[in-house]
Each structure stands twice: as structure tokens, then as C-alpha cells.
Amino acid sequence: MSETTYDVAIIGYGPTGATAANILGQAGLNVVVIERDSDVYSRARAISTDEEVMRIWQSVGLAERLQRDMLPDRPTAFVDADGVPFIESTIAARGSGHPPQQFLYQPAVDAVLREGVARFLNVEVLLEHEVLRTRNHADHAELLVLDARTETLRTVRASYVIAADGGSSPTRGLLGIGYSGRTYSERWVVIDTKVLKEWDAHDRLRFHCNPDRPTVDCPTPLGHHRWEFPARADEDDAILTSDAAVWQVLHDQGITEEHVKILRAVIYSHHVRVADRWRVGRVFLAGDAAHAMPPWIGQGMSAGVRDAANLCWKLAAVLAGQAPQEILDSYEAERKPHVTEVTCRAVRVGRIITERNKLLAGARNLLIRTITKVPGVISGSQRLFWIPDAFYAAGFFAAGARTLPGRGKSQAVGWQIPQPWVTDATGAVARLDDVLGGQWALLHLSTAPAGRRAWADLGVPILRIGSDIADHTGTLSSWLRSKKAAAVVIRPDGFIYAAADLTATLPPPPAGLRTPCPPARKNEHRNGVSA
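Here the structure is a predicted model, which means the values were calculated and not measured.

**A short note on the sheet that holds strand β5 (residues 76–79)**
(1) Moving on: What the 8 strands build is an open sheet, ordered β6-β5-β13-β14-β15-β12-β16-β19; its pairing is mixed. The sheet terminates laterally at β6 (85–89) and β19 (291–292), the two strands that pair on one side only.
(2) Moving on: The sheet contact formed by strand β12 (residues 179–195) and strand β16 (residues 260–275) spans 14 bridges and is antiparallel. Its bridge partner being in β16, Val-190 is matched across the sheet by Val-266.

**A look at the state of the cysteines**
(1) Moving on: One pass over the structure, following the stated rule, counts 0 disulfides.
(2) Moving on: Not part of a disulfide, Cys-218 finds its nearest cysteine sulfur in Cys-209, a span of 14 Å.

**Points about the nonpolar core**
(1) Moving on: By size, the foremost hydrophobic cluster in this structure holds 112 residues, and its most contacted members are Ile-10, Trp-57, Leu-66, Leu-143, Ile-162, Phe-207 and Trp-440.
(2) Moving on: Looking at this core element by element, the count peaks at 12 residues for helix α8 (residues 300–319).
(3) Moving on: Counting contributing residues, this core receives three or more from each of domain 1 (6–69 + 104–180 + 276–345) and domain 2 (415–500).
(4) Moving on: In contact with Leu-143, other than residues within four places in its own chain, are Ala-9, Ile-11, Ile-34, Val-131, Arg-133, Thr-134, Arg-154, Thr-155, Val-156 and Val-161.
(5) Moving on: The next biggest cluster of nonpolar side chains, apart from the first, holds 24 residues, and it includes Tyr-392, Ala-412, Ala-441 and Trp-479.

**Some remarks on the sheet that holds strand β7 (residues 101–103)**
(1) Moving on: Read from one edge of the open sheet, 3 strands run β3-β7-β4, paired in antiparallel fashion. Bordering the open sheet on either side are β3 (48–50) and β4 (71–72), each of which pairs with just one other strand.
(2) Moving on: Sheet analysis places β4 next to β7, joined by 2 bridges and oriented antiparallel. Counted as the bridge partner of Pro-72 is Gln-102 from β7.
(3) Moving on: In the packing of helix α2 (residues 51–59) onto the sheet, contacts are made with β3 and β7, and the angle to β3 comes to roughly 80 degrees.

**Structural notes on the domain arrangement of the chain**
(1) Moving on: According to the domain assignment, the chain contains domain 1 (6–69 + 104–180 + 276–345) and domain 2 (415–500).
(2) Moving on: A straight line from the C-alpha centre of domain 1 to that of domain 2 covers 29 Å.
(3) Moving on: With 8 residues of domain 1 at the contact, the number on the domain 2 side is 12 residues.
(4) Moving on: Counting each side, the surface lost to burial between domain 1 and domain 2 is near 840 Å², with a carbon and sulfur contribution of 35%.
(5) Moving on: For the pair domain 1 and domain 2, the number of links is 7 residue pairs in polar contact (both at pLDDT 80 or more).
(6) Moving on: Sorting the residues of the side of domain 1 that touches domain 2 by element identifies α2 and α8 as the ones contributing at least two each.
(7) Moving on: Class assignment of the residues belonging to the side of domain 1 that touches domain 2 gives a composition of 1 nonpolar, 2 polar and 5 charged.

**Points about the packing of α8 against helix α9 (residues 330–353)**
Each pair of packed helices can be summarised by the angle the axes make with each other and by the distance between the axes.
(1) Moving on: Orientation of α8 relative to α9, taken along the N-to-C sense of each, is 165 degrees, at an axis distance of 10 Å. On the basis of their axis angle, the class for α8 and α9 is roughly antiparallel. The two elements α8 and α9 meet at a crossing, and its hand is right-handed. Across from Ala-303, Arg-306, Asp-307, Asn-310, Leu-311 and Lys-314 in α8, the residues of α9 making contact are Ser-330, Tyr-331, Glu-334, Arg-335, His-338 and Val-339.

**Side note on the packing of aromatic side chains**
(1) Moving on: What the rule picks out here adds up to 16 aromatic pairs.
(2) Moving on: Geometrically, the ring pair formed by Trp-313 and Trp-440 is edge-to-face, given 6.1 Å between the ring centres and 80 degrees between the ring planes. Residue Trp-313 is found in helix α8, and its partner Trp-440 is found in the loop between α12 (432–436) and β22 (441–444); the two are separated by 127 residues along the sequence.
(3) Moving on: Relative to Trp-440, the ring of Phe-396 has its centre 6.2 Å away and its plane inclined at 85 degrees; by these criteria the two rings are edge-to-face.

**Looking at the environment of Ala-163**
(1) Moving on: Relative to the assigned elements, Ala-163 resides in strand β11 (residues 152–163).
(2) Moving on: Taking the C-alpha atoms as reference points, Ala-163 and Gly-414, 251 residues apart in sequence, are found 26 Å from one another.
(3) Moving on: When neighbours within four sequence positions are excluded, Ala-163 is seen to be in contact with Ile-11, Thr-171, Phe-284, Leu-285, Ala-286 and Ala-289.

**Quick word on the pairing of strand β10 (residues 141–147)**
(1) Moving on: A large share of β10 lies buried, amounting to 6 of its 7 residues.
(2) Moving on: As defined by bridge partners, strand β9 (residues 129–136) adjoins β10 across 7 bridges and the pair is classed as antiparallel. Residue Val-131 lies in a different strand from β10, and its bridge partner there is Val-145.
(3) Moving on: Connecting the antiparallel pair β9 and β10 is a turn made up of 4 residues.
(4) Moving on: Where β10 and β11 come together, 7 bridges link them in antiparallel fashion. Looking at the pairing, Leu-146 lines up with Leu-153 of β11.
(5) Moving on: The antiparallel hairpin formed by β10 and β11 contains 4 residues in its connecting segment, where Glu-151 sits at a positive phi of about 55 degrees.

**Thoughts on the pairing of strand β15 (residues 224–230)**
(1) Moving on: Within β15, 7 of the 7 residues are buried, leaving the element largely enclosed by the surrounding structure.
(2) Moving on: Where burial is concerned, the two faces of β15 agree: the one with His-224, Arg-226, Glu-228 and Pro-230 and the one with His-225, Trp-227 and Phe-229 are both buried.
(3) Moving on: As paired elements, β12 and β15 share 7 bridges and run antiparallel to each other. Bridge pairing in β15 links Trp-188 to Pro-230.

**Quick notes on the packing of helix α1 (residues 15–26) against helix α4 (residues 106–117)**
(1) Moving on: Remark: α1 packs on α4, axes separated minimally by 9 Å, with the N-to-C direction vectors making an angle of 25 degrees. Relative to α4, the element α1 lies roughly parallel. The hand of the α1/α4 crossing is left-handed. Facing α1, whose interface residues are Pro-15, Ala-18, Thr-19, Ala-21 and Asn-22, α4 presents Gln-106, Asp-110, Leu-113, Gly-116 and Val-117.
(2) Moving on: When grouped by side-chain class, the residues that make up the contact of α1 with α4 number 5 nonpolar, 4 polar and 1 charged.

**So, unusual backbone geometry**
(1) Moving on: Residue Leu-222 is not a glycine yet carries a positive backbone phi of 60 degrees.
(2) Moving on: According to the relative accessible area criterion, Leu-222 is partly exposed, its value standing at 41%.

**Structural notes on the environment of Thr-193**
(1) Moving on: Positionally, Thr-193 belongs in strand β12.
(2) Moving on: Spatially, the C-alpha atoms of Thr-193 and His-338 are 33 Å apart, while their sequence positions differ by 145 residues.
(3) Moving on: Residues within four places of Thr-193 in sequence aside, it is in contact with Gly-223, His-224, His-225, Trp-227, Val-260, Lys-261, Ile-262 and Leu-263.

Conventions adopted
Once a new chain begins, its residue numbering starts again from 1 and follows that chain's sequence as written. Thresholds applied to this predicted model are a pLDDT of at least 70 for local features of residues and 80 or more for the giving and counting of side-chain atom pairs; totals over whole chains, interfaces and linings are not thresholded and use all residues. Processing note: side-chain calculations cover all non-hydrogen atoms of the structure and skip hydrogens and water entirely. When DSSP finds two or more bridges between a pair of strands, those strands are recorded as paired. Helical segments are the DSSP runs of H or I of at least four residues, strand segments are the runs of E of at least two, and each set is numbered from the N terminus. Cysteine sulfurs are considered disulfide-paired once they come within 2.5 Å of each other. Within this scheme, the nonpolar core is defined by two criteria: the residues are buried Ala, Val, Leu, Ile, Met, Phe, Trp, Tyr or Cys, and they are joined through side-chain atoms within 4.5 Å. Partly exposed describes any residue whose relative accessible area lies between the buried limit of under 20% and the exposed limit of over 50%, with all areas from a 1.4 Å probe on protein chains only and scaled to the type maximum. Residue ranges assigned to the domains are those given by an automatic or database domain assignment. Residue contacts follow a heavy-atom distance rule, with two residues in contact if any of their heavy atoms lie within 4.5 Å. Every axis corresponds to a line fitted to the C-alpha atoms, with the helix fit spanning only the stretch in contact, and the corresponding angles, defined between N-to-C directions, vary from 0 to 180 degrees. What counts as buried area is the accessible surface, traced by a 1.4 Å probe, that two parts surrender upon association, with contributions from both included. What qualifies as a polar contact is a pair of N or O atoms within 3.5 Å, subject to a donor-acceptor requirement within protein and to the restriction that residues adjacent in sequence count only when both atoms come from side chains. Any residue outside Ala, Val, Leu, Ile, Met, Phe, Trp, Tyr, Cys, Pro, Asp, Glu, Lys and Arg is labelled polar, Gly included; the first ten of those are nonpolar and the last four are charged. Here is the rule for angles: anything less than 35 degrees is roughly parallel, anything more than 145 is roughly antiparallel, 65 through 115 is roughly perpendicular, and the remaining ranges are oblique. In this scheme the crossing of two helices becomes right-handed for a clockwise turn of the near helix relative to the far one and left-handed for an anticlockwise turn of less than a right angle. For Phe, Tyr and Trp, where Trp contributes only its six-membered ring, two rings pair if their centres lie within 6.5 Å, and the inter-plane angle classes them as stacked under 30 degrees, edge-to-face over 60, or tilted in between.

Structure, rendered in C-alpha cells:
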């Protein structure tokens, strides 16, 4: 039995695990990824993502490549039983510098993320390997790993472990962590197709709110299209997924054999579940291993990518000796409330779509058609029903720095700063995150803030908007003023750690924070180019 030691072991190589491997690989850490399957999972599961997730993938240099295989800014419509929309709009941008909604083909996304990981010699990928046992020790975690190809065992030691091994997470079971919530009794049929000939509305997401058969009709890129609908209690799974039954559903949508080729039809159930704990010692749960939600607003995969981004910069800082281990306690504190809110919104949208009472459905259609004629209602409803803002109400932020809206002083703490295109001091035009380089930074408006010296002594760059960073669109200045902030300290993930108005002093750095620049990227790409 062989034994190897790593900084971080990642269990699971879906989008969450692959994103984590890219972030940690780029940070120069020694990482191993352990995956049970031999290749990318061939069936498309996730079908959309959002601008905040693209911003995360931007941080590892993959956003532009991923964008080539995505469909941005397609209209979304809720239609009645006759196919007439009672809501139709596109999702509004919130300032992250990418299209606010992206339709995707998950096998293609997985492949690009894995290509990204392959850049890093410091990341080892073990396919067809399975974790049989997980143990916590004082200074490391120990995994017993089976190589399914050779039927040999090896011991993997890691300072920390990220379990991103899906909703059925064996790791969660090994750790004895509960998975609270419910599984809906109603089964759903998912039909994936290859487009042969385009049709009217082929390029938009449509929720067919038909009481007789609610159906989701969704474009996916690279020539694919998906339909989803609920099975009735008396319908047999084998019959529902037969070609004859599938074509009956598609024909009802006006889709014929000349339009699409059926790739597969499968049955699945919706889950609303959250792990009771997201951490046991040195092992962290992420993605579906930590939470599961219905697909109505397309956030299952995206929530996992957010988990990876939130956790990995903190792990990198701790392992580099730049932050105390206590920072890791903020992972669940920040992510769990956000995931819970996303899940509640997904359930809420699902109820609108799947109303089976015809009288209530008719009243719903009339009411929504009426109120959405009022200016601002659709954009306002997106903020209530769609993806919540990038905001953490509690977590790793300056003590006493948070204020409630309307209670005075700055309201910026806990929010993620917008990302406009800016010009840096050298005259280069780039997105804000690329200028900041994934490190702590202090941004301020016209007046140098009191309290800046403590941050400068740590090596945090202090940048004045207007001179060090040219904000051509005024996005940063306007946003800071809207939050009553004249200066902000930004964490490596873009969230505001501390803020001050013109009359206040910036809070000092947290205890134990040292030289908060990212670790030097001494790792080498596999093509020999420095990362």
C-alpha cells in the first residue's frame, strides 16, 4: 500500500470539484482529485448558469473559452396552456461583467474545466478511484483509496479534504452527516435531443404552465434541446421513456421527427435537502454533497461552483500561512444561508409553473398579465423570484462593520463589488477582477481613508478610483456612493470585508492576517508556461 501527502484532496470531479481543482492548482497548492468514473459524465444535467459563476471561472482563466460553447441572454417566457406568454423577459444583468444568464451543455463545460486542471503539474487526477474510508487527525485527514483498475489500495493524506461527490455523497455517509429535507414524490421525465431543424422559439426558455401537463422547454448549446415534464401517478416509467410516449409529448409541442433526434429520456425526482453540517474536522462538503435543490432557476451546479470559490481562497490562505484556521469556519456561515434562499426561490418558481388547478391557473395568468404591464414590475420580480444578489449577511467580515439599510454609515460590507471594465495605471483596459489579481485590495474615492496605514503595512494595494483605476462608466463610483462607502477593503473573492464613509475610519485587518497577497504561482503549466 502506497502513501502520498497533499495540501488538499478533492473527492469528485464534477463542476464543483473541477472548479476547486482549478482554483487551488492556480494557487500553487499540491492537490489530488479522486473520481470514481473513468470520464466526463455523458448525460447533460445542469443546463444554465449566471454571471457570478462566469466571474469565478474568469478568475482561473477559463471564462472566455467556456463562453464559446454557451448561449447567452436568451428570452425566458412563462406561457399558458395555449402557448401564449403571460410573462416574457430576459434576465437583467447585475454588474458582474458577464451575460446574466447562460444556457450550457454540461458535458462540454466539464471537459473545459478538466482541460483547465490539466494545465497544472501540481494537480494529480485519479480517475476510476474510490474513497473507502475517511479519517480526521489533528494535523491532516487520511483517505483510504481503491484503484478500481488494479484493485489496489493506497493511503492519501491531505491537510484538508473537499467532498464534492454528489447528492448521494459516500463521504457524507462515512462522516455520519445527516441530509435534511424532502424528496418530492412526483417523478419528472427529462428528454434530451439533438436539433436537426430549428423552429419558432427554439432559442428561448419556455415554462409551459399547463395544468394538464406542465412542461419546461429549454435550449441548450451545441445543437441540443431539452424538455422536462412531470409523470402522473398512474404512468409507468418504462412507458414514459419509450420513443412512442416521448414523441407524443414532443408532437404536442409542435416538434416533429424532422426537428430533433431523441438522445435519451430518463426519470428523476426533485430534492430539497441540506447537509446538517458542512464540515467535520478537516473535511468539507461542497456542491450537491452539501445541498440539493429543484432545477427551476438553474442553480444547482452554480451553487456548487460558488461553494468552491468561497472555500478555496480561504484554504489557500490558511495553507500559505496568511490567515488563521478560524477563517474556515466562515465557509458554512456564508454559503448556507445563500443556498437556502436560492432553494426557496426555486421552490417558489416551481409552484407557479406546476399549478394543476385550472381555476387557479387561469387566475394566475390574468393577474400576472395585468401587473406586469406596470413599468418596473418584471425587473422587480426578478429580484424577488430569481437568483438572489451576491451578498453574505454573516461570515468573515470586519467586526462591527455591518449596518442595516437606513441605519447610517456604510452598507457595503458583505456585498460583492461590481466588475466593470476599467483602465489600470499602466493604461491597460481589463475587467476589475483581472486588475486586482485575486488579492486583497483597498479601493477608495477622492479622499484617502483614515485607517489605511494598517492595510498598507500588510502589503495590501491601495487604489484610488479615478487615478489608479479609471472607472469610465462610473459603475464603481456610483455603486460605492449607493452603499454610502468612500473606501472599501475587498477580499480575494470580490466581497467587501470592511468599508467606511467619509467620516469613519476603516476597521483594521483581522487578527492573524499576514501578507495577504496570493501565494507566488511557481507551479508550471504542462506546456511549460508559468501559471
